[in-house]
Amino acid sequence: MAPGELIVARSVGELRQELGPLRARGAVALVPTMGALHEGHLSLVRRAREEAAVVVVSIFVNPLQFGPGEDYERYPRGLGADLALLSREGVDLAFCPEAADFSPPGFATSITVGGVSEGQEGAVRPGHFAGVATVVAKLFNAVGPDVAVFGRKDLQQTAVVRRLIRDLDFPIRLVVAPISREEDGLARSSRNVYLSPQERAAAAALPRALREAQKAIRERRPAGDVERETRTSLENAGFGVDYVEVVDPATMQRGAGDAEGAVLAAAVRIGKVRLLDNVVLGETRAE
Ligand code: AMP
């Protein structure tokens, strides 16, 4: 295989076989994804390249993290286009396991990360983070990366993965990359394709409300007031609001107030689509 060519592995066996010789080049970074890749994913890939000599991207729509009635069946998939993007980015290896092989019938192991998994997305989507943690642990085990790159777009997921790494002693450094946004501020997401043109236009009110909240916190308004006002402004913009909370991003505990690093995280519904976003309150620069 010519150097620089994207290697595609479809099973753990193939992955280990292909990755073995690449390890001589240096550190390995893993970017886990569910495919339907967009610029947000590619920003993680570029970050991974800064962190390591070998970049592995996994593409796996993980059935374990979808609840009953969620969008597992219709989740956007397009492996050919994804691989073309990864190839263009100079990714070394794409790991694209089959669900029947990676989480086959009879799969019975589950990793529950307590505490950080319990509020926010964990409360709205019971079992979601056990599905995430189980598959992330499998990916860590299969790839054996030195570095794992996750997006702050999924804030609570980064807290869960950080805890998983600590608790199970994975020798992996977690890198959390900033949120990649569209021109109007909407955080990029594979699920944005579900938005109708009207919903897509309305969705920009979410990042706008978060920026307002960031400004209010900087003006020393109490976190509780800012949470309530942001909720009201999101409801007035036509969203169903699942949560608006100021948290410590490491513990996902509320009461972080305006502490250094506190994050305002929100999830809203517009039509059938859920939008997640968050903003680091002390950050003066917009992403
Ligand atoms: P997903 O394919 O949605 O599971 O996402 C794979 C990884 O990409 C996760 O670590 C996400 O947090 C990250 N990601 C998704 N969207 C964005 C975005 N707009 N900016 C930065 N990272 C993102």
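Okay, so let's go over this structure. Since the model is a prediction, treat every value here as computed from it, not as a measurement.

On to the overall build of the chain. Looking only at helices and strands, one finds 10 helices and 9 strands in the chain. Overall, the chain is about 55 × 40 × 40 Å in size when its C-alpha atoms are taken along their principal axes. Per-residue burial over the chain gives 51% buried out of 287 residues. Looking at the chain as shown, the accessible area adds up to about 13,300 Å², and 50% of this sits on carbon and sulfur atoms. Side-chain charges of the chain comprise 35 positive and 38 negative groups, with the mean position of each set lying 1 Å from the other.

Another point: the nonpolar core. Formed by 44 residues in total, the largest nonpolar core has its most connected members in Leu15, Leu19, Val56, Leu93, Phe140 and Leu164. When residues in this core are grouped by element, the largest group, 10 residues, is from helix α6 (residues 128-143). Beyond its immediate sequence surroundings of up to four residues, Leu15 is in contact with Ala9, Leu93, Phe95, Ala142 and Val143. In this structure, Tyr194, Ala209, Ala223 and Val244 belong to the second largest nonpolar core, which totals 31 residues.

Another aspect to go through is the sheet that holds strand β9 (residues 273-280). Taken in spatial order, the 3 strands make up an open sheet running β7-β8-β9, and their pairing is antiparallel. For this open sheet the edge positions go to β7 (240-247) and β9, each flanked by a neighbour on one side alone. In this sheet, adjacent strand axes meet at a mean angle of 10° when their direction is disregarded. In this sheet, β9 lies alongside strand β8 (residues 263-270) in antiparallel orientation, the contact comprising 8 bridges. Bridge pairing in β9 places Leu264 opposite Val279.

Moving on, we get to the pattern of salt bridges. A full pass over the atoms with the stated rule returns 22 salt bridges. As a salt-bridge pair, Arg269 and Asp242 come within 2.9 Å of each other at their nearest N and O atoms. With Arg269 in strand β8 and Asp242 in strand β7, this pair connects stretches of sequence that are 27 residues apart. On the accessibility criterion, Arg269 (37% relative accessible area) is partly exposed. Overlapping salt bridges bring together Glu121, Asp242, Arg269 and Arg274 as one network.

What follows covers the sheet that holds strand β3 (residues 54-59). Spatial ordering of the open sheet is given by β1-β4-β3-β2-β5-β6, a layout of 6 strands whose pairing is parallel. The open sheet is flanked by β1 (7-9) and β6 (173-177), the only strands paired with a single partner. Neighbouring strand axes in the sheet, compared pairwise and without regard to direction, differ in orientation by 25° on average. Across 3 bridges, the pairing between β3 and strand β4 (residues 93-95) is parallel. Bridge pairing in β4 places Val57 opposite Ala94.

The phi torsion at Gln120 lies on the positive side, around 40°, for a residue other than glycine. Relative to the elements of secondary structure, Gln120 occurs in helix α5 (residues 120-124). The backbone of Met252 shows a phi angle near 65°, a positive value even though the residue is not glycine. Here Met252 lies in the loop between β7 and β8.

Quick notes on the rules
- Residues numbered from 1 in each chain as written.
- Predicted model: local features only at pLDDT ≥ 70, side-chain atom pairs only at ≥ 80, totals over all residues.
- Heavy atoms only, no water.
- Helix = DSSP H or I, 4+ residues; strand = E, 2+ residues; numbered from the N terminus.
- Buried < 20%, exposed > 50% of the residue type's maximum accessible area, 1.4 Å probe, protein only.
- Areas by Shrake-Rupley, 256 points an atom, 1.4 Å probe, with all protein chains shown as cover.
- Lys, Arg positive; Asp, Glu negative; His and termini not counted.
- Charge placed at Lys NZ, Arg CZ, Asp CG, Glu CD.
- Core = buried A, V, L, I, M, F, W, Y, C linked by side-chain atoms within 4.5 Å.
- Contact = heavy atoms within 4.5 Å.
- Pairing = 2+ DSSP bridges.
- Axes fitted to C-alpha atoms, helices over the stretch in contact; angles between N-to-C directions.
- Salt bridge = Lys/Arg side-chain N within 4 Å of Asp/Glu carboxyl O.

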